[in-house]
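Descriptive structure summary
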Amino acid sequence: MQVAEELGMNIIEELNGNIENIALKLRGFIRDQVKGFKKKGVVIGVSGGIDSAVALALCVQELGKENVYGLILPEEESSPSSKILGTEICKSLGVSYEEVPISPILKSLNIYDQKEQLIKRNFPEYDPKIHKTSLVLPDFLNQGLLNVPYIRLIKDGETVARCRLRANDYLELIGLQNVKQRSRMIVQYMYAEKLNYAVCGTTNKTELALGQFVKYGDGGADLEPLADCYKIQVYALGKLLNVNEEIIKRPPSADTWSNYTTDEEFYWRMPIQILDQLLYAQEHQLPLQIIEKNTGMSREKIEKTQRHINRVRDATEYVRSVPPICYINR
């Protein structure tokens, strides 16, 4: 790409300019993978979010609704809207589906009680009957490099207290929360093996680049059709596929906290339109002038943000890696 052409480049238009062909290629990938695995269809965990909605719609278009099975997998801290929206898209696509609450699995492992005890160490006043909680990180673009997570205590929709977490408490909390994603994948594989189906994952390229998934949780699947599509492209695919507007407008979230916590609040720390443009610019080694023009950010802020992204990549490399093998004859 010539520099003169690059300077007039619109990154978002570049990402979304070929969305019909992307959808066609994704459908072919789904068909080929299911056929190659010698499976009859796919199981998808349907969360009510844009990624699972797009994956579900693509699978229905390519495999037929009779060869796609949706699983709604709520737990006690899930947003009610997740189940409602997940059920609605399954019905609208004519997909057979089932609701399988994972709370019994979590209770058997004492996840809720351990989490409650940890939060009470930081908030003695915490009462799960009247308070909701969320784990958030400071807005990177407006608050700098500080990367200290904190818990918010919410009552009647208002934040009534916040507390920075010690490293040990943070690690323990993440370990407890990630059991939710791993429990959901256990259920998906139970159904997939019963039906002789493959498990279709819903991780997108933005999440894959940053390690924003749980190893052997939502990152454990047989095929990942969206893993080379940035989140912005997933939204464009949603519009192309006529996904419910409520799902498209819904802020993305892992939905594992009692107070609905968006990915922007906890993981991205910036708007997705900015993050995806920065990731795309890194991938294609675009000059700073192009990034400045497209994001409206200063050169200094772009450089700081790119360093932040690189640190996140480095810190989550083990999440993206397959287990190393010791080859004894090499």
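Up top is the structure.
First things first, this report covers the structure right here in the doc. (Residues numbered from 1 in each chain as written. Predicted model: local features only at pLDDT ≥ 70, side-chain atom pairs only at ≥ 80, totals over all residues. Heavy atoms only, no water.)

**A closer look at the overall build of the protein**
Summing up its helical and strand segments, the protein has 17 helices and seven strands in all. Against the globule reference of 20 Å for 330 residues, the protein gives a C-alpha radius of gyration of 21 Å, in line with a compact fold. Reported as C-alpha extents along the three principal axes, the dimensions of the protein are approximately 60 × 55 × 50 Å. Residues counted as buried form 51% of the 330 residues belonging to the protein. For the protein, the share of sequence-separated contacts (at least 6 apart) that also reach a separation of at least 24 residues comes to 72%. Between the mean site of the 41 positive side-chain charges and the mean site of the 43 negative ones, the protein shows a separation of 3 Å. (Helix = DSSP H or I, 4+ residues; strand = E, 2+ residues; numbered from the N terminus. Rg over C-alpha atoms; globule rule 2.2 N^0.38 Å. Buried < 20%, exposed > 50% of the residue type's maximum accessible area, 1.4 Å probe, protein only. Contact = heavy atoms within 4.5 Å. Lys, Arg positive; Asp, Glu negative; His and termini not counted. Charge placed at Lys NZ, Arg CZ, Asp CG, Glu CD.)

**Details of the sheet that holds strand S4 (residues 132-136)**
As summarised here, the arrangement of the three strands in space is S4-S5-S6, forming an open sheet in which the pairing is antiparallel. The open sheet has two edge strands, S4 and strand S6 (158-164), and neither has a second partner. The sheet shows a mean angle of 25 degrees between the axes of neighbouring strands, direction not considered. Sheet topology note: the strand S5 (residues 150-155)/S6 ladder contains six bridges and is antiparallel. Bridge pairing in S6 places Ile 151 opposite Cys 163. (Pairing = 2+ DSSP bridges. Axes fitted to C-alpha atoms, helices over the stretch in contact; angles between N-to-C directions.)

**A look at the environment of Val 214**
Considering the arrangement of structural elements, one finds Val 214 in the loop between helix H10 (205-210) and helix H11 (231-240). The sequence separation of Val 214 and Asn 178 amounts to 36 residues, and the corresponding C-alpha distance is 6.4 Å.

**What about unusual backbone geometry?**
Of note, the phi angle at Asn 110 is positive, near 65 degrees, even though the residue is not glycine. Looking at the secondary structure, you find Asn 110 in the loop between helix H6 (103-108) and helix H7 (111-122). Positive phi, normally seen in glycine, also occurs at Tyr 216, with a value near 65 degrees. With respect to the helices, strands and loops of the structure, Tyr 216 is situated in the loop between H10 and H11.

**Quick look at the nonpolar core**
Side chains that are nonpolar tend, in soluble globular proteins, to be buried together. Grouped together as the largest cluster of nonpolar side chains are 38 residues, with contacts concentrated most on Val 42, Val 54, Leu 237 and Val 243. Residue assignment for this core shows that the elements contributing at least two residues are helix H3 (19-36), strand S1 (42-45), helix H4 (50-63), strand S2 (68-72), helix H5 (80-92), H11 and helix H12 (245-249). If one sorts the elements of this core by residue count, H4 sits on top with 10 residues. Sequence-distant contacts of Val 54, defined by excluding residues within four places in its chain, comprise Leu 226, Val 234, Leu 237, Gly 238, Leu 241 and Val 243. Counting residues in hydrophobic clusters, the runner-up holds 25 residues, among them Tyr 230, Ile 232, Ile 274 and Ala 281. (Core = buried A, V, L, I, M, F, W, Y, C linked by side-chain atoms within 4.5 Å.)

**Some details on the side chain of Arg 250**
When you line up the elements, Arg 250 lands in the loop between H12 and helix H13 (263-268). Among buried charged residues, Arg 250 stands out as having no salt bridge; its nearest opposite-charge side chain is Asp 255, 4.3 Å away. A polar atom in the side chain of Arg 250 sits 3.0 Å from the side chain of Ser 81. In contact with Arg 250, not counting residues within four places along its chain, are Ser 47, Gly 48, Gly 49, Ser 79, Ser 81, Ser 82, Leu 85, Tyr 235, Asp 255 and Tyr 260. (Salt bridge = Lys/Arg side-chain N within 4 Å of Asp/Glu carboxyl O. Polar contact = N/O pair within 3.5 Å; in protein donor to acceptor, adjacent residues only side chain to side chain.)

**Observations concerning the pairing of strand S3 (residues 96-99)**
For S2 and S3, the ladder comprises four bridges, and the chain directions are parallel. Within S3, the residue paired with Ile 72 across the bridge is Glu 99. In terms of handedness, the path from S2 via H5 over to S3 forms a crossover that is right-handed. (Right-handed = clockwise from strand over helix to strand, strands pointing away.)

**Digging into the sheet that holds S2**
Spatial strand order, S3-S2-S1-S7: four strands in an open sheet with parallel pairing. Two strands bound the open sheet, and with one partner strand each, they are S3 and strand S7 (198-199). Seen against the sheet, H4 touches S1 and S2 and runs at an angle of roughly 160 degrees to S1. Along the sheet, helix H9 (residues 167-195) contacts S1, S2, S3 and S7; its crossing angle with S1, the most-contacted strand, is approximately 160 degrees.

**Some words on the side chain of Asp 255**
Of note, Asp 255 is situated in the loop between H12 and H13. At a separation of 2.5 Å, a polar atom in the side chain of Asp 255 contacts the side chain of Ser 82. Once residues within four sequence positions are removed from consideration, Asp 255 is found in contact with Glu 75, Glu 77, Ser 78, Ser 79, Ser 82, Arg 250 and Tyr 260.

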